Amino acid sequence: MPGTYSGTVVPLITPFDEHGVVDEPSVVRLLDHIRTEVNGFMPALTSGEGWKLDARQWQDVVTYTVRHAGGLPVLAGIQLPDTDAVIDRARTAAAIGADAVVVTTPFGAEVTQDGIVEHYKAIRAALDIPIFLYNEEALSGNRIEFDTLIRICKEIPGIVGIKESSGDAAFTRNMAEAGTGIPVFEGWENLLVDARGIDGFIGPLANLEPSLCNAMLVDPTPDRQAEINTVCERYGVFKDDWYRWVKKELHRRGVISSPTVHEEAKAA
Ligand SMILES: N[C@@H](CC=O)C(=O)O
């Protein structure tokens, strides 16, 4: 239901063994490491190397997260270039038992703002699983502009949240103040103090330090932002390949068995 989601929701890293098989015991330990501090899990998003996963890896990580979520909502990331492929995967997510899907903007230079609206409309028309919008352009090349985002929130039923990763805190703030009734989550750790009015946070730091993320949401002071920035620097969360560094730290803590990232997996 719109308005249900808030607080810290975790874009989970995807633990692999050295052959790239999703490691279920590591998924369990990761969920156990953070579950008391968070309000939901997002497997297979950017921090989960979602755009690199093959169908088997994607299905496994979503299945294991649903299996071990312990009552917390699971919102399955879908990072595929075109609408038909997204719809196929959304059907699989629904069959696995995910509570919602988190859908990146469609990929490619030819995509227009109207095309983005049509993309989400078509997904909604195909099945009624709730949709979380992921407004980012680093991967897809296509950010949702403000008026388009308002239009999507008004015209398409079943939108349950926005991961606002435009990287523009004023944009996020304006969206949070727009009164659409759809919760807005900041996607970048370093923008939390400036975003204001947001309903929550979804970013890789939540894999490591969810209580710090919660504290920032409750009391977003410049001092706490400075602390978050320091912690993110320490763990590599601000690097371009942050998921690699988050995995290294989770491995060092004994939470996951291997820090392997997708491209390091060896053929079996
Ligand atoms: N901060 C990045 C990475 C992941 O969550 C983004 O929001 O796209």
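Residues numbered from 1 in each chain as written. Predicted model: local features only at pLDDT ≥ 70, side-chain atom pairs only at ≥ 80, totals over all residues. Heavy atoms only, no water.

A. Representation of the site of the ligand in the model. The environment of the ligand is formed by Ser47, Tyr134, Lys163, Ser165, Gly187, Trp188, Pro204 and Trp242. Between an oxygen atom of the ligand and a side-chain N or O atom of Ser165, the distance comes to 2.5 Å. The contact in question runs from a nitrogen atom of the ligand to an N or O atom on the backbone of Gly187, over 2.8 Å. In the complex, the protein chains occlude 96% of the 250 Å² of accessible area that the ligand would expose alone. Structurally, the ligand is housed in the largest pocket. The residue makeup of the shell around the ligand, split by class, is four nonpolar, three polar and one charged. (Near = heavy atom within 4 Å. Polar contact = N/O pair within 3.5 Å; in protein donor to acceptor, adjacent residues only side chain to side chain. Areas by Shrake-Rupley, 256 points an atom, 1.4 Å probe, with all protein chains shown as cover. 1 Å grid on protein atoms, 1.4 Å probe; cavity = no way out; pocket = protein on both sides within 12 Å on 5 of 7 lines; lining within 4 Å. Sits in = over half its atoms within 2 Å of the grid points. Nonpolar A, V, L, I, M, F, W, Y, C, P; charged D, E, K, R; others polar.)

B. Seen up close, the nonpolar core. With 73 residues, the main nonpolar core has Tyr120 and Ile152 as its most contacted residues. Not counting residues up to four positions away in its chain, the partners in contact with Ile152 are Ile116, Val117, Tyr120, Leu133, Ile144 and Ile159. Within the second largest apolar cluster, twelve residues are counted, among which are Leu45, Val102, Val160 and Ile202. (Core = buried A, V, L, I, M, F, W, Y, C linked by side-chain atoms within 4.5 Å. Buried < 20%, exposed > 50% of the residue type's maximum accessible area, 1.4 Å probe, protein only. Contact = heavy atoms within 4.5 Å.)

C. How the structure looks around the pattern of salt bridges. As enumerated under the stated definition, the model contains 18 salt bridges in all. A salt bridge links Arg67 to Glu24; the shortest N-O distance between them is 2.8 Å. Here the residue Arg67 occupies a position in helix H2 (residues 55–68), and Glu24 occupies one in helix H1 (residues 24–34), the gap between them amounting to 43 residues. Residue Glu263 pairs with Lys52 through a salt bridge whose shortest N-O separation is 2.8 Å. (Salt bridge = Lys/Arg side-chain N within 4 Å of Asp/Glu carboxyl O. Helix = DSSP H or I, 4+ residues; strand = E, 2+ residues; numbered from the N terminus.)

D. The packing of aromatic side chains, seen in detail. Tallying each qualifying case throughout the model produces five aromatic pairs. Consider the rings of Phe146 and Phe171, whose centres lie 5.8 Å apart with planes at 85°: the pair is edge-to-face. Of the two residues, Phe146 sits in helix H5 (residues 146–155) while Phe171 sits in helix H6 (residues 169–176), which places them 25 residues apart along the sequence. Of the aromatic side chains, those joined through ring pairs into one cluster are Tyr5, Phe132 and Phe185. Cation over ring: Arg234 sits above Tyr235, and NZ or CZ is 5.7 Å from the ring centre. A cation over a ring is seen here: Arg253 above Tyr235, with NZ or CZ 5.3 Å from the ring centre. (Phe/Tyr/Trp six-rings, centres within 6.5 Å; stacked < 30°, edge-to-face > 60°. Lys NZ or Arg CZ within 6 Å of the ring centre and 35° of its normal.)

E. Representation of unusual backbone geometry within the structure. Residues other than glycine seldom take positive phi values, yet Ala44 does so here, at roughly 65°. Following the sequence through the fold, Ala44 ends up in the loop between strand E2 (40–42) and H2. A relative accessible area of 1% means that Ala44 is categorised as buried. The residue Glu49 is not glycine, and still its phi comes out positive at about 55°. One can find Glu49 in the loop between E2 and H2. With a relative accessible area of 0%, Glu49 lands in the buried category.

F. Geometry of the packing of helix H3 (residues 83–96) against helix H4 (residues 113–126). Running from N to C, H3 and H4 point in directions that differ by 35°, and their axes come no closer than 10 Å. For the pair H3 and H4, the sense of crossing is right-handed. Touching Thr83, Val86, Ile87 and Arg91 of H3 are His119, Ala122, Ile123 and Ala126, all from H4. A per-class count over the contact of H3 with H4 returns five nonpolar, two polar and one charged. (Axes fitted to C-alpha atoms, helices over the stretch in contact; angles between N-to-C directions. Left-handed = near helix turned anticlockwise from the far one by under 90°.)

G. Molecular detail of the layout of surface pockets. Each pocket or cavity is described by its volume, and for the largest pocket that value is around 410 Å³. Surrounding the largest pocket, 22 residues form its lining, Thr46, Tyr134, Ala138, Trp188 and Trp242 being those nearest its centre. Taken together, the residues of the lining of the largest pocket break down into eleven nonpolar, five polar and six charged. (Points joined across faces, edges and corners; volume = space filled by probe spheres on them.)

H. Representation of the pairing of strand E5 (residues 131–135) in the model. Of all the five residues making up E5, five are buried; the element is thus mostly covered by neighbouring parts of the structure. Every second residue of E5 is oriented toward a common face, with Ile131, Leu133 and Asn135 on one face and Phe132 and Tyr134 on the other, all of them buried. Summarising the sheet, strand E4 (residues 100–104) and E5 pair through four bridges and their orientation is parallel. Across the sheet, the residue bridging to Val103 is Leu133, located in E5. As a crossover connection, the stretch from E4 through H4 into E5 is right-handed. As defined by bridge partners, E5 adjoins strand E6 (residues 159–164) across five bridges and the pair is classed as parallel. (Pairing = 2+ DSSP bridges. Right-handed = clockwise from strand over helix to strand, strands pointing away.)

None of this, on its own, says anything about what the molecule does.
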